[in-house]
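Now for the letters of each chain:
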Amino acid sequence: MRRWLLVTFVLWPVVEAQDGERRAAALAQARRDLQAQLEVADMLLERGDVEAAELAYRKAMEKFAAALGGAAEPARPAPRPVPKLEPEDPALRAEEATRVAPVFGRRGAKGVRNMRAGGGSGLTENAVNLGLEWLAKHQDEDGRWDSEGFMKHDPVRDRCDGSGDPQFDAGVTGLALLAFLGAGHTDDGGPYADNVRRGLHFLVASRAEDGWIATADPSIAIYEHAIAAAALSEAYGMTRSPRARDAAQRAVNVLQRARNPNAGWRYASNGENDTSVTAWCTLALHAARTAGLDVDPEAFKGARAWVENATEPNFGQVGYVTKGGPVATLERHRDRFPPEKSYSMTAAGIFIRIVAGE
């Protein structure tokens, strides 16, 4: 009994210190979560969606208050189950590949040589591999990259920050897949074949009957739909998977229906355009066209027409929604990232012009 009391006396400060560290880490994470949620609410408010913004602000504050008070947070709703898909017959891919040769190429000795000729090095390759390794470790079993809960894959003492909104899982999954595909990894071989296979499965299984692939609110879903369409198009181009072809083509058809006549895109086909959404949609259609899918050439002409309209003629600066105007920046970040000093939309405009043939 005496020995037990002595051990307890010695270890008690250690336990208290560990509890303090855990509490401090939890509060720091709660602050980061609050910031991320407030950014989404700010975006909704700037778009004029007052009711959705009010709800987002209320949820953010309730969650932060629960963390401060040590109260148990409401249980996070389980992600929507992903339907199971039967494995695809390799013979179907082989048959498709004889009809349409794969594109986008595979990386290997030639790819490494090209990378070094372009200014890369072994350090570049190592950075890419470390990034892919991190992504692989943060993928959920059902194939998605969880926007809000990806940190559950981290060690307790090495938590990531930047928890996002759970409604953007399809878009984040598409971005992760583009990283693997861009490095030459597909679902039919290589060290990340299983990661790519599960990610593509999630996107294909998440699509709606009308072809939309998005988990976000429909008013802002076009961003992640375009990213998912780009990932599926690249996957089809590299593997000639009939399943990826079907999902990608239907996703492309959605994008083409969503475009404003003789112009580009925004959140809805209501005559409004912006360079950011237009660039992502153009990227998806460019990937689809390169992969051999059916893409209306008028889409690229419309995107270019919008960029021409948004370009200041004397200096060439491309605006977000106005001719040569500023980018869109959340109010809370404007001191750190002044809109008048950003030229990201000009870069997006250059990309659209090149894809359109300039």
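So, how was this worked out
Residues numbered from 1 in each chain as written. Predicted model: local features only at pLDDT ≥ 70, side-chain atom pairs only at ≥ 80, totals over all residues. Heavy atoms only, no water. Axes fitted to C-alpha atoms, helices over the stretch in contact; angles between N-to-C directions. Helix = DSSP H or I, 4+ residues; strand = E, 2+ residues; numbered from the N terminus. Left-handed = near helix turned anticlockwise from the far one by under 90°. Contact = heavy atoms within 4.5 Å. Nonpolar A, V, L, I, M, F, W, Y, C, P; charged D, E, K, R; others polar. Phe/Tyr/Trp six-rings, centres within 6.5 Å; stacked < 30°, edge-to-face > 60°. Buried < 20%, exposed > 50% of the residue type's maximum accessible area, 1.4 Å probe, protein only. Polar contact = N/O pair within 3.5 Å; in protein donor to acceptor, adjacent residues only side chain to side chain. Core = buried A, V, L, I, M, F, W, Y, C linked by side-chain atoms within 4.5 Å. Expected span 1.5 Å × (residues − 1). pLDDT = per-residue confidence, 0-100. Salt bridge = Lys/Arg side-chain N within 4 Å of Asp/Glu carboxyl O.

(A) Quick peek at the packing of helix 6 (residues 169-182) against helix 7 (residues 193-206). Packing of helix 6 against helix 7 leaves a shortest axis separation of 10 Å and a crossing angle of 145°. As helix 6 runs across helix 7, the sense of the crossing is left-handed. On the side of helix 6, the interface is formed by Asp169, Ala170, Thr173, Gly174, Leu177, Phe180 and Leu181, while helix 7 contributes Asn195, Val196, Gly199, Leu200, Phe202 and Leu203. Of the residues in the contact of helix 6 with helix 7, the class split is eight nonpolar, four polar and one charged.

(B) Inspection of unusual backbone geometry at higher detail. Backbone geometry places Arg240, a non-glycine residue, at a positive phi of 60°. Assignment of secondary structure puts Arg240 in the loop between helix 8 (222-239) and helix 9 (242-258). A positive phi angle, near 60°, is found at Asn262, a position not held by glycine. Assignment of secondary structure puts Asn262 in the loop between helix 9 and helix 10 (275-291).

(C) Structural context of the packing of aromatic side chains. The final tally for this structure, using the stated rule, is four aromatic pairs. Relative to Tyr192, the ring of Phe180 lies with its centre 5.1 Å away and its plane at 55°, an arrangement referred to as tilted. A residue pair is termed long-range when its members are at least 10 positions apart, and Phe180 in helix 6 and Tyr192 in the loop between helix 6 and helix 7 qualify at twelve residues. Residues Phe180 and Tyr192 agree in their burial class; the two are buried.

(D) Quick look at the environment of Thr239. By the element assignment, Thr239 lies in helix 8. C-alpha separation for the pair Thr239 and Thr186, spaced 53 residues apart in sequence, amounts to 7.2 Å. Beyond its immediate stretch of four places on either side in the chain, Thr239 contacts Arg93, Thr186, Asp187 and Asp188. A polar contact of 3.2 Å, which involves the side chain of Thr239, links it to the backbone nitrogen of Ser241.

(E) Geometry of the nonpolar core. The biggest cluster of nonpolar side chains holds 63 residues, and the ones touching the most others in it are Phe180, Leu203, Leu232, Leu255, Trp265 and Leu285. Elements with a minimum of two residues in this core: helix 5 (122-137), helix 6, helix 7, helix 8, helix 9, helix 10, helix 11 (297-310) and helix 12 (344-355). If sequence neighbours within four positions are ignored, Phe180 has contacts with Leu132, Leu135, Ala136, Trp145, His185, Tyr192 and Val196.

(F) Quick look at the side chain of Arg198. On the secondary structure map, Arg198 appears in helix 7. Accessibility expressed as a relative area gives 12% for Arg198, which makes it buried. A distance of 2.8 Å separates a polar side-chain atom of Arg198 from the backbone oxygen of Asp140.

(G) How the structure looks around helix 9. Relative to the 24 Å expected for 17 residues at 1.5 Å per residue, helix 9 spans 24 Å between its end C-alpha atoms, a close match to the ideal helical length. Taken together, the buried positions of helix 9 are Pro242, Ala244, Ala247, Ala248, Gln249, Ala251, Val252, Val254, Leu255 and Ala258. Contacts made by the buried residues of helix 9 are with helix 3 (90-99), helix 7, helix 8 and helix 10.

(H) Region of the structure containing the packing of helix 10 against helix 12. Two numbers describe how helix 10 lies on helix 12: the axes approach to 10 Å, and their chain directions differ by 30°. The way helix 10 lies across helix 12 gives a crossing that is left-handed. Along the contact surface, helix 10 presents Thr275, Ser276, Thr278, Ala279, Thr282, Leu283, His286 and Arg289, while helix 12 presents Met345, Ala348, Gly349, Phe351, Ile352 and Val355. Residue classes in the contact of helix 10 with helix 12 are distributed as seven nonpolar, six polar and one charged.

(I) Up close: the environment of Asp294. Mapped onto the elements of the fold, Asp294 is located in the loop between helix 10 and helix 11. Sequence-distant contacts of Asp294, that is, excluding residues within four places in its chain, are made with Gln249, Val252 and Gln256.

(J) Inspection of the confidence of the model for the protein chain at higher detail. In the predicted model, the protein chain carries a mean pLDDT of 83, and the fraction of residues at 70 or more is 80%. Per-residue pLDDT stays below 50 along residues 107-113; that stretch engages in seven contacts with residues further than four places along the chain or on separate chains.

(K) Local environment of the pattern of salt bridges. The final tally for this structure, using the stated rule, is 20 salt bridges. Residue Asp194 pairs with Arg197 through a salt bridge whose shortest N-O separation is 2.5 Å. Of the two residues, Asp194 and Arg197 both sit in helix 7, three residues apart, roughly one turn of that helix. Here Asp194 falls in the partly exposed class, since its relative accessible area comes to 38%. When the shortest N-O distance is used, the salt bridge between Glu272 and Arg266 registers 3.4 Å. The network of salt bridges with shared partners includes Arg304, Glu308, Arg353 and Glu358.

(L) Examining the side chain of Arg144 more closely. Relative to the assigned elements, Arg144 resides in the loop between helix 5 and helix 6. At 2.9 Å, the side chain of Arg144 and the side chain of Asp142 are in polar contact.

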